[in-house]
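# Close look at the chain arrangement
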Amino acid sequence: MVSNPPPKPKHPFSFYLLPFILPILLITVWQLASNLDWLQSSILPSPLVIAQTLLDLLKSGELLKNIAVSLLRVLEGFAIGAGLGLIAGLIMGLSRSMERLLSLITGLLRPIPTIAWIPALILWMGIGESSKITVIAVGSFWPVLLSVIQGVRSTDPKYLEVARILEKDRVTLLTKVIIPSALPSIFTGLRIGMGIAWASVVGAELIAASSGIGFMIMYAREVSQPDVMLVGVAAIGLTGLLIDFLLLQLQRRLLKWNSVWGGES
Amino acid sequence: MTKPMSLKIENLTKHYSLPQGDLAVLTGVDLTVQPGEFISIVGASGCGKSTLLRLIGGLEQVSEGRILFDETPIQNPGLDRGIVFQESRLFPWFTIEENIAFGCRKNLVESEKQQIVQDHIKLVGLLGFEKAYPHQLSGGMQQRTAIARALVSRPQILLLDEPFGALDALTRIQMQQEILNIWQKEKITVILVTHDIDEAVFLGDRVLVMSNRPGTFKKTLSVPLARPRDRNSAAFLALRKKIYDEFFSKKKTGGRSR
C-alpha cells in the first residue's frame, strides 16, 4: 500500500528528440521537392523562402505586432467567456433546478458553430474589437461550462460526507472540497476553451479585420504572397502550442497533489 | 474538556424502503455506553453494524426508537462525534497538516489552531510528514491522519468503522496498539465496528456480537482482561473462541441462540 512519489525518470536525449523527427523529415522532403521544381513556388514556396520571409517579418516587427493584436483579443475574450462559463457551470453543477431551467437554452445554443455567430455579431456590434472579442467569448464559454458542470457533479459523495461530519459551511464546502475536486476537469475545459478561442480569433479576423494574424494571412492572399500567408499559418500553430504549454505548466503546478494530472500528461 | 456525556440507544429500528418493500437492517437494538468506555461491535458483513455507526454519527435517521447523546436525540452529524471510515477519505489536494486542520472547529485563532494540529500530528506519530500529500503515504499513515482529523475537534465519542480493515496484518496490529494509547491518553469514548474477532477482544471493554439481517445484539461479553492484553493468553483465547462459536460452530448443528 506504500505509494511513494512517482520517481522522475531521467529520459535519454533521444526522448526529447523524438517529436522533432517527423517535422524535420517533412520539411526536408518539401525542400527537395522545391529544389527539383516539383512544386510551383507561387502556390507552395520552399521552406527556405518561407524562413527568409519569417526573418523579414520578424525584423520589421510586423509578425509580432499582428500576433500581439490577436493574442490580446484572445485573452480578453477568453477571460470573459471562461469566466462566465465558470460561474454558470458552478451554478448549474450545484443546483439541479438551475440546470433544468437552463437546459433547453444551452442545448439549443451549444451546437451552433462559433463562426456562425460572426455575421450576426458584426451586424450588431460593427467590425470593431467588440464583435471579435464576443466571438472568442462565445467559443471559449461552452467547453468551460461543460467541464465545470461535469467536475462539480463528479465530486466524491464520501468527501461531501466528511465535510458534513466536520460541520463545514457552504462556502468552505465549495472552496475547499467541490472546486479542488473539480479542478482537473475544469482544467481540461480551460485548455479546450483556449484552443477554440485562438481558432475563433483567426476566423473572425479572416472575415473582418484590419490587424491581427488572421488579417495578415487574408491580406497576403489578396496580394498573392503565399510565403507570408504560410508564415502566418505557422505562427498560429506555434502560438497555440505555446499557450497550451503554458496552461499545462499552470495545471501541473496547481494539481501537484494529483498523481495523474499533476504528473506528466 | 467538558463533562463526559453518555450515549444511550433505545429500542432502535432502521429499515430502508425499497421497491420490493421495507428492508429491515436493524431491530431492537439497545445499548448504553458509559463515558470513556471502549466498545467493540463484531458482525459479519452486511449485518448492519456500519449502519448503526452511521446512525450514531447522525449521517442517517433512525426509523423507530431513539439514540440519546447527552439526553438529546441525535439528528445531525456533529463535531462531538468523530468518525473514521475504512477508507481514509483524506482530501488529496490537502497536505497531511491541512487535512488535519480541516477537522478543527471554526473560530479558532490561527496560532491556537496550529498548536492543536501540531499536537495531533505528534499524537498519531506523523511528525515530519506535515507537508506530504496523502498519496505519498502508506495506508497506515493515511489512517493515522484520518484519526487525527477526527480527533482535533476534541469529540466526546470516536466512531471507528472498520478503520484497519484495509491494512496489512502487521500494520493492523500496530495501529490497534496505537488506538489504545490514544484512547487512554484522550479519555475518549470509542465505538469500534469490526469483523475481526481478535481486534474486538484486544481493544474492547465490552464486545457486542451482532446477528445478521436484521441486525441486533445477540450477545454481550465483557472483557475483564487488564491491558496491555496478551493475544495468546488462555483467557484471551477462550473469549475469542466464545465469540467465534457465535458465528460458526452452531450454524452447523442448526442451533442459533442459547
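Residues numbered from 1 in each chain as written. Chains lettered and ligands numbered in written order. Predicted model: local features only at pLDDT ≥ 70, side-chain atom pairs only at ≥ 80, totals over all residues. Heavy atoms only, no water.

Now for the pairing of strand 7 (residues 157-161) of chain B. All names here are of chain B. Summarising burial for strand 7: five of the five residues are buried, a large majority. In strand 7, alternate side chains face the same way, and those of Ile 157, Leu 159 and Asp 161 on one face and Leu 158 and Leu 160 on the other are all buried. Where strand 6 (residues 81-84) lies against strand 7, four bridges are found, and the strand directions are parallel. Bridged to Gly 82 within strand 7 is Leu 158. Of the pairings in the sheet, the one linking strand 7 to strand 8 (residues 189-194) comprises five bridges and is parallel in character. (Buried < 20%, exposed > 50% of the residue type's maximum accessible area, 1.4 Å probe, protein only. Helix = DSSP H or I, 4+ residues; strand = E, 2+ residues; numbered from the N terminus. Pairing = 2+ DSSP bridges.)

Attention now moves to the packing of aromatic side chains. The way to describe two aromatic rings as a pair is by their centre distance and the angle between their planes. Going through the model one piece at a time under the given rule, you end up with 14 aromatic pairs over all chains. Here the aromatic rings of Tyr 159 of chain A and Trp 93 of chain B are separated by 5.5 Å at their centres, their planes lie at 75 degrees, and the arrangement is edge-to-face. Of the two residues, Tyr 159 of chain A is situated in helix 7 (residues 157-165) and Trp 93 of chain B in the loop between strand 6 and helix 2 (96-101); the pairing between them involves two chains. Of the two residues, Tyr 159 of chain A and Trp 93 of chain B, both sit in the buried class. (Phe/Tyr/Trp six-rings, centres within 6.5 Å; stacked < 30°, edge-to-face > 60°.)

Moving on, we get to empty space enclosed by the protein. Evaluated as defined, the whole model comprises four cavities of 30 Å³ or more. In this model, the largest cavity occupies a volume close to 90 Å³. No other element matches the three residues that helix 4 (residues 139-151) of chain B contributes to the lining of the largest cavity. By residue class, the composition of the lining of the largest cavity is eight nonpolar, one polar and one charged. In this structure, the second largest cavity spans a volume of roughly 50 Å³. What lines the second largest cavity is Ile 118, Leu 121, Ile 122, Ile 127, Ser 131, Lys 132, Val 135, Ala 204 and Ala 208 of chain A. Taken together, the elements giving at least two residues each to the lining of the second largest cavity come down to helix 5 (117-125) and helix 6 (129-153) of chain A. (1 Å grid on protein atoms, 1.4 Å probe; cavity = no way out; pocket = protein on both sides within 12 Å on 5 of 7 lines; lining within 4 Å. Points joined across faces, edges and corners; volume = space filled by probe spheres on them. Nonpolar A, V, L, I, M, F, W, Y, C, P; charged D, E, K, R; others polar.)

A few words on the confidence of the model for chain B. Per-residue confidence for chain B gives a mean pLDDT of 87, with 95% of residues at or over 70. This stretch, residues 253-258 of chain B, has a pLDDT under 50; its non-local contacts, to residues over four places away or in other chains, come to seven contacts. (pLDDT = per-residue confidence, 0-100. Contact = heavy atoms within 4.5 Å.)

Next up on the list: the nonpolar core. By size, the foremost hydrophobic cluster in this structure holds 48 residues, and its most contacted members are Phe 38, Ile 147, Leu 158, Ile 179, Val 201 and Ile 243 of chain B. Judged by nonpolar contacts, the second largest core, of 46 residues, contains Ile 178, Ala 182, Met 216 and Ile 217 of chain A. (Core = buried A, V, L, I, M, F, W, Y, C linked by side-chain atoms within 4.5 Å.)

It is worth spelling out helix 6 of chain A at this point. Compared with the 36 Å implied by 1.5 Å per residue over 25 residues, the 36 Å span of helix 6 of chain A between its first and last C-alpha is a close match. In the structure, helix 6 of chain A departs most strongly from a straight axis at Phe 141 of chain A, where the bend amounts to approximately 25 degrees and where the proline Pro 143 of chain A lies between one and four residues downstream. (Expected span 1.5 Å × (residues − 1). Bend = angle between axes of the 7 residues up to and from the residue.)

Turning to the sheet that holds strand 10 (residues 217-222) of chain B, a few remarks are in order. All names here are of chain B. Taken together, the six strands give an open sheet; going across it, the order is 6-7-8-3-9-10, and neighbouring strands pair in mixed fashion. Every interior strand has two partners, whereas the edge strands, strand 6 and strand 10, have only one. Pairwise comparison of adjacent strand axes, ignoring direction, gives a mean angle of 15 degrees for this sheet. Strand direction decides the pairing type here: strand 3 (residues 38-42) and strand 8, joined by five bridges, are parallel. Looking at the pairing, Ile 39 lines up with Ile 191 of strand 8. Contacting strand 3, strand 7 and strand 8, helix 5 (residues 169-186) runs over the sheet at an angle of about 145 degrees to strand 3. With respect to the sheet, helix 7 (residues 234-247) is in contact with strand 3, strand 9 (206-210) and strand 10, its orientation differing from that of strand 10 by roughly 175 degrees. (Axes fitted to C-alpha atoms, helices over the stretch in contact; angles between N-to-C directions.)

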